[in-house]
Protein chains: 2
Amino acid sequence: MAGDPEAVAKAFTDHFYSTFDTARANLAGLYQDQSMLTFEGQKFQGTQAIMQKLTSLPFQQCKHHISSLDAQPSLSGGVLVFVTGQLLPEGETNPLKFSQTFHLAPVGGSFVVTNDLFRLNYA
Amino acid sequence: MAGDPEAVAKAFTDHFYSTFDTARANLAGLYQDQSMLTFEGQKFQGTQAIMQKLTSLPFQQCKHHISSLDAQPSLSGGVLVFVTGQLLPEGETNPLKFSQTFHLAPVGGSFVVTNDLFRLNYA
C-alpha cells in the first residue's frame, strides 16, 4: 500500500530535486539494479549506469522549479509521480522546461525509483 | 511480461491519439473501473467518470502531434508510456504543448490504461 500518493510524491520530489541541485552523487541511494532511466531518449539500467549519466551532465549545480506535481497509486503498490517544471543550470539565464515521470516502489518503509523518464520540452 | 515496451507504446499511442482526435467516445474500451485519470490536476476514477471528462472537453475534434515517445517496462508487468507533444483543438491556430504519462496493464492479450496523467505545458 502506497500511503497517501500525494504526500509520498511531495516528499520524494522535495528530496530528489534538492539533492539533484546541490549534491547529485547522493541520488545513488534512490536507485537499485532494476531501476531504469530514460533521459532524453537515452536508456540506462542499474544504479551505476544511471549515476554515471546523471553525474556527467555538463553542469555541476542547477535549480529545479516545479510547475505541477501529480501522483497516483499504481497497481503494484507503488506511486506514479508526474512532474512538469523548469530547470536552470548554473551560469545559464534561460530556464529549460522539462517533464519527468517516476515510478516509486515501496521498499522497507521507504521508496526506491524503479522507473525514471525525463524529457526537456523545447519551445 | 510486457513484450517490447517500445512497440507496445507506439501501437497504443497511435491508437489512442487517432481515436481521441476523431471519435473520443470510443476511448471507453481502454479504461476500466480501477483506472485513474489526472487531467490538469483534476482527478477521475473509473471508465464512466473518465469518459465524462474526456467527452466534455470544449472541442469536438483536435490534432495531437507527438514530439517524443518513451517507454519502460514496469515491475507489475505493464508498460510505462511517456509522451510529450502538441495539441491543436479545432478552430485554434496555436498548438498547446502537453505531457502525458500512461501506465498500461496487460489484460487478455491486450492492454488497458490503469493510470493516465495529463498536463499542458504553458509557455
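In this report, we go over the structure that sits alongside the text. Each chain has its residues counted from 1, following the order in which its sequence is written. Numbering of ligands from 1 and lettering of chains from A proceed in the order in which they are written. Whole-chain, interface and lining totals are the exception, using all residues; otherwise, since this is a predicted model, local features are given only for residues with pLDDT of at least 70 and side-chain atom pairs are given and counted only at 80 or more. Excluding hydrogens and water, the side-chain figures rest on all heavy atoms present in the structure.

So, about the overall build of chain A. Along chain A, the regular secondary structure elements total two helices and six strands. Here a strand is any run of E in DSSP of at least two residues, a helix any run of H or I of at least four, and the numbering for each starts at the N terminus. When its helices and strands are written in sequence order, chain A yields α-β-β-α-β-β-β-β. In terms of overall dimensions, chain A is globule-like: its C-alpha atoms have a radius of gyration of 14 Å, near the 14 Å expected for 123 residues. Each principal axis of the C-alpha atoms in chain A carries an extent, and together these give about 40 × 30 × 25 Å. Taken over 123 residues, chain A has a buried fraction of 54%. We call two residues in contact whenever any of their non-hydrogen atoms come within 4.5 Å of each other. In chain A, the share of contacts with a sequence separation of at least 24, taken over all contacts with a separation of at least 6, comes to 46%. Atoms counted for the radius of gyration: C-alpha only. Globule rule: 2.2 Å times residue count to the power 0.38. Relative accessibility under 20% of the residue-type maximum defines a buried residue, over 50% an exposed one, and the middle range a partly exposed one, all with a 1.4 Å probe and only protein chains included.

The next point concerns the interface of chain B and chain A. Between chain B and chain A, the residue contacts involve 33 residues of the former and 33 residues of the latter. Buried area: the accessible surface (1.4 Å probe) lost by two parts on joining, summed over both. Counting each side, the surface lost to burial between chain B and chain A is near 2700 Å², with a carbon and sulfur contribution of 59%. For the chain B face of the interface with chain A, the top three residues by lost area are Q72, L75 and F82 of chain B, together amounting to 23%. Salt bridge, as used here: a side-chain nitrogen of Lys or Arg that lies within 4 Å of a carboxyl oxygen of Asp or Glu. One can count four salt bridges joining chain B with chain A. The closest approach of N and O atoms between K43 of chain B and E6 of chain A, which form a salt bridge, is 2.7 Å. Here a polar contact is recorded for every N or O atom pair within 3.5 Å, except that within protein the pair must consist of a potential hydrogen donor and a potential acceptor, and residues adjacent in sequence are included only if both atoms are side-chain atoms. For the interface between chain B and chain A, the tally reads 18 residue pairs in polar contact (both at pLDDT 80 or more). Secondary-structure elements contributing two or more residues to the side of chain B that touches chain A are β1 (36–39), β3 (62–73), β4 (79–89), β5 (96–107) and β6 (110–120) of chain B.

With that out of the way, let us pick up the side chain of D21 of chain A. All names here are of chain A. Position of D21 relative to the elements: it lies in helix α1 (residues 5–22). Just so you know, the count uses Lys and Arg for positive and Asp and Glu for negative, and it drops His and the chain ends. Despite its burial, D21 pairs with no opposite charge, the nearest such side chain being R24 at 7.1 Å. Among the polar contacts listed, one links the side chain of D21 to the side chain of H64, at a separation of 2.6 Å. Excluding residues that lie within four positions of it along the chain, D21 makes contacts with Q61, C62, K63 and H64.

Quick look at the relation of the copies chain B and chain A now. Least squares is used to superpose the copies, and the fit set is the C-alpha atoms of residues whose pLDDT is at least 70 in both copies. Overlaying chain B with chain A gives an RMSD of 0.0 Å, the required rotation being 180 degrees about an axis along which the chain moves by 0.0 Å. Taken together, the turn and the small shift mark the pair as related by a two-fold rotation axis. The rotation axis passes nearest to the C-alpha of S76 of chain B in chain B, at a distance of 2.8 Å.

Turning to the sheet that holds strand β4 (residues 79–89) of chain A, a few remarks are in order. Residues and elements named next belong to chain A. Ordered by their spatial adjacency, six strands build an open sheet running β2-β1-β6-β5-β4-β3, and the pairing between neighbours is mixed. Strands at the two margins of the open sheet, each flanked by one partner only, are β2 (42–45) and β3 (62–73). Averaged over neighbouring strand pairs, the angle between their axes works out to 20 degrees when direction is ignored. Where strand β1 (residues 36–39) lies against β2, four bridges are found, and the strand directions are antiparallel. Looking at the pairing, F39 lines up with Q42 of β2. Across the face of the sheet, α1 comes into contact with β3, β4, β5 (96–107) and β6 (110–120) while running at roughly 160 degrees to β3. At least two DSSP bridges between two strands are required for those strands to pair. With axes taken as lines fitted to C-alpha atoms, and helix axes fitted only over the stretch in contact, angles between N-to-C directions fall between 0 and 180 degrees.

Another aspect to go through is helix α1 (residues 5–22) of chain B. Residues and elements named next belong to chain B. Over its 18 residues, α1 runs 26 Å from end to end, which matches the ideal 26 Å to within 8%, given 1.5 Å per residue. Among the residues of α1, those classed as buried are P5, V8, A9, F12, T13, F16, Y17, T19, F20 and D21. Tucked into the core, α1 has its buried residues touching α2 (47–55), β3, β4, β5 and β6. Here α1 starts with a cap whose side-chain oxygen sits 3.1 Å from the backbone nitrogen of E6, and that cap is D4. A helix's residues, less one, multiplied by 1.5 Å, set its expected span.

Turning to the nonpolar core, a few remarks are in order. Residues belong to a common nonpolar core when they are buried Ala, Val, Leu, Ile, Met, Phe, Trp, Tyr or Cys residues joined through side-chain atoms within 4.5 Å. Residues F16, F20, L27, Y31, L54, F102 and L104 of chain B are the most contacted members of the largest nonpolar core, which totals 30 residues. Secondary-structure elements contributing two or more residues to this core are α1, β1, α2, β3, β4, β5 and β6 of chain B. The biggest single contributor to this core is α1 of chain B, with six residues. Not counting residues within four places of it along the chain, the set of residues in contact with F102 of chain B comprises F12, F16, Y17, V79, L80, V81, V83, V113, N115 and D116 of chain B. With 29 residues, the next largest nonpolar core counts Y17, L87, F102 and L120 of chain A among its residues.

Keep in mind that these numbers describe shape and distance, not what the molecule does.
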